[in-house]
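# Chain and residue survey
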Amino acid sequence: MTGFLSRRTVLLAAVVTLTAAGATACGDDGATAGGAGRTTVRIAYQAIPNADLVVKNQRLLEKALPEADVKWVRFESGGDVNTAVLAGAVDIGLAGSSPVTKGLSAPLNIPYKVVWIHDLIGDNEALVAKPGIGSVKDLVGKKVATPYGSTSHYSLLAALTAAGVEPSSVKTVDLQPQDTLAAWQRGDIDAAYVWTPTLGELAKDGKVLITSRQVARQGRPTADLGVVTNDFAAGHPEVVTAWLKAQDQAVAQARTAPDQAAKSIGAELGLSADEAKRQLSELVLLSAKEQTGPEYLGTPGAPGKLAGHLHDAAVFLKGQKAVDAVPDEAVFGRALAVEELGRATN
């Protein structure tokens, strides 16, 4: 319980800080403005070793938008990012596909859209168990930690279901990555589904039972997505375009100069460049052009298969009573920011 309260306290403080920072002036479109008409863009990020941290560390967006104030605030999970967006404290943010699915479904119905795929989740998220637990089926009656509402939580439920284990037969605990590591070290939990860099710490003396790459092969793919509020996208298209181009630049660097990208990622996460490079390699990064393909976001008039994946996730989450209702697939199609992405690739 202590970890849960601590997480909520940190979240509340972050939301209050963001709200105060953006309170100087707020237009009807939800955007914030600083002194002398300067636009403020509030970005929620997470400690995930992908190209988003390259954008942050190398100040790519600040360089592209010298007349704007760029504010980065760290959150521990996509569920917390959803809460911040609902509080009006975030314009652009990173959240996993499961939190985004929940955000676009009832009862949240968050007015945002998917503008970017930060990464396709692979071996960087996994279910790790203490010695003596040899399979997913062995988790019956065990205590398993995962951040509720995250892609890890979604993958845990999917892995249990695929193994024929009733999720209610497992004692799940809602813990953020740092709290999970502490609970693991104290011996308070038997297993955890979590992402890097915490995953790497648990795996030092634990056994990986299944990774999100394997869960994806079972029909439940997950990804880290970039979302932008509808109001901000409409009110500041030039900022969204600059943000997308910065992300694309960072992905290109991660592909062609991984040592340089890893140095920036390591600096953000407190990791060596070699370890950051290893963790980066566990993710699949896509260029802006690739994301306009039919397998991903798609193009205007032809939304990509990501809409179907989000719909399938909503069906699964409804079965787990994690959402109240499943929106039509067209709702997810309209939530793909294909026009914004298209502008950035032209």
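Before going further, it helps to spend a moment on the overall build of the chain. Each helix and strand in the chain was counted, giving 17 helices and 13 strands. Relative to its full complement of 346 residues, the chain shows a buried share of 55%. Residue pairs at least 24 apart in sequence account for 77% of intrachain contacts in the chain once pairs closer than 6 positions are excluded. A total of about 14000 Å² of accessible surface is found on the chain, and carbon and sulfur atoms cover 52% of it.

This model, assessed by the stated rule, comprises 14 salt bridges. The partner of Arg59 in a salt bridge is Glu62, with the nearest N and O atoms 4.0 Å apart. Since its relative accessible area comes to 49%, Arg59 is described here as partly exposed. Here Glu340 and Lys113 are joined by a salt bridge, their closest N and O atoms 2.8 Å apart. With a gap of 227 residues between them, Glu340 in helix H17 (residues 338-345) and Lys113 in strand E5 (residues 112-120) connect regions that are remote in the sequence. Just as Glu340 is buried, Lys113 falls in that class too.

Attention now goes to the packing of helix H6 (residues 151-162) against helix H15 (residues 306-319). Packing of H6 against H15 leaves a shortest axis separation of 11 Å and a crossing angle of 70°. Taken together, the axis directions place H6 and H15 in an arrangement best described as roughly perpendicular. Contacts between H6 and H15 pair Tyr154, Leu157, Ala158 and Thr161 from the former with Ala313, Phe316 and Leu317 from the latter. For the contact of H6 with H15, the per-class residue count stands at six nonpolar, one polar and no charged.

Within the fold, Ala223 resides in strand E11 (residues 223-229). The spatial distance from the C-alpha of Ala223 to the C-alpha of Thr151 is 7.7 Å, given a sequence separation of 72 residues. If near-sequence neighbours (up to four positions away) are discounted, Ala223 is found in contact with Ala95, Gly96, Ser97, Ile117, Asp119, Leu120, Ile121 and Thr151.

So, about the sheet that holds strand E8 (residues 171-174). Overall, mixed pairing links the five strands, which are arranged E8-E7-E9-E6-E10 in an open sheet. One side of each edge strand has no neighbouring strand; the edge strands of this open sheet are E8 and strand E10 (207-211). The average angle at which neighbouring strand axes cross in this sheet is 25°, direction not considered. Bridge count for strand E6 (residues 125-129) against E10 is four bridges, and the pairing is antiparallel. Within E10, the position partnered with Leu127 by the bridge is Ile210. Packing of H6 onto the sheet brings it into contact with E6, strand E7 (143-146), E8, strand E9 (191-195) and E10, and relative to E9 it is tilted by some 135°. Most of the contacts of helix H7 (residues 177-186) go to E9, to which it runs at about 150°, and overall it touches E6, E7 and E9.

Our next topic: the confidence of the model for the chain. Scored by pLDDT, the chain has a mean of 90; 90% of the residues are at 70 or more. Across residues 1-30, confidence stays below pLDDT 50; counting only partners more than four residues off in sequence or on other chains, it has 40 contacts.

Let us now look at the side chain of Ser212. Among the structural elements, Ser212 can be located in helix H9 (residues 212-217). Assessed through its relative accessible area of 0%, Ser212 is described here as buried. What Ser212 contacts, discounting residues up to four positions off in sequence, is Ile121, Gly122, Glu125, Ser155, Tyr193 and Thr222.

Below, the discussion takes up the side chain of Thr229. Residue position: Thr229 is located in strand E11. A distance of 3.2 Å separates a polar side-chain atom of Thr229 from the backbone nitrogen of Phe232. Not counting residues up to four positions away in its chain, the partners in contact with Thr229 are Val85, Val90, Asp91, Pro111 and Tyr112.

Bringing the pairing of E9 into the picture now. For E9, the buried fraction is high: five of the five residues fall into the buried class. For E6 and E9, the ladder comprises five bridges, and the chain directions are antiparallel. Looking at the pairing, Leu127 lines up with Tyr193 of E9. Sheet topology note: the E7/E9 ladder contains two bridges and is parallel. Residue pairing for E9: Ala145 is matched across the bridge by Ala192.

The rules behind these values
- Residues numbered from 1 in each chain as written.
- Predicted model: local features only at pLDDT ≥ 70, side-chain atom pairs only at ≥ 80, totals over all residues.
- Heavy atoms only, no water.
- Helix = DSSP H or I, 4+ residues; strand = E, 2+ residues; numbered from the N terminus.
- Buried < 20%, exposed > 50% of the residue type's maximum accessible area, 1.4 Å probe, protein only.
- Contact = heavy atoms within 4.5 Å.
- Areas by Shrake-Rupley, 256 points an atom, 1.4 Å probe, with all protein chains shown as cover.
- Salt bridge = Lys/Arg side-chain N within 4 Å of Asp/Glu carboxyl O.
- Axes fitted to C-alpha atoms, helices over the stretch in contact; angles between N-to-C directions.
- Parallel < 35°, antiparallel > 145°, perpendicular 65-115°, else oblique.
- Nonpolar A, V, L, I, M, F, W, Y, C, P; charged D, E, K, R; others polar.
- Pairing = 2+ DSSP bridges.
- pLDDT = per-residue confidence, 0-100.
- Polar contact = N/O pair within 3.5 Å; in protein donor to acceptor, adjacent residues only side chain to side chain.

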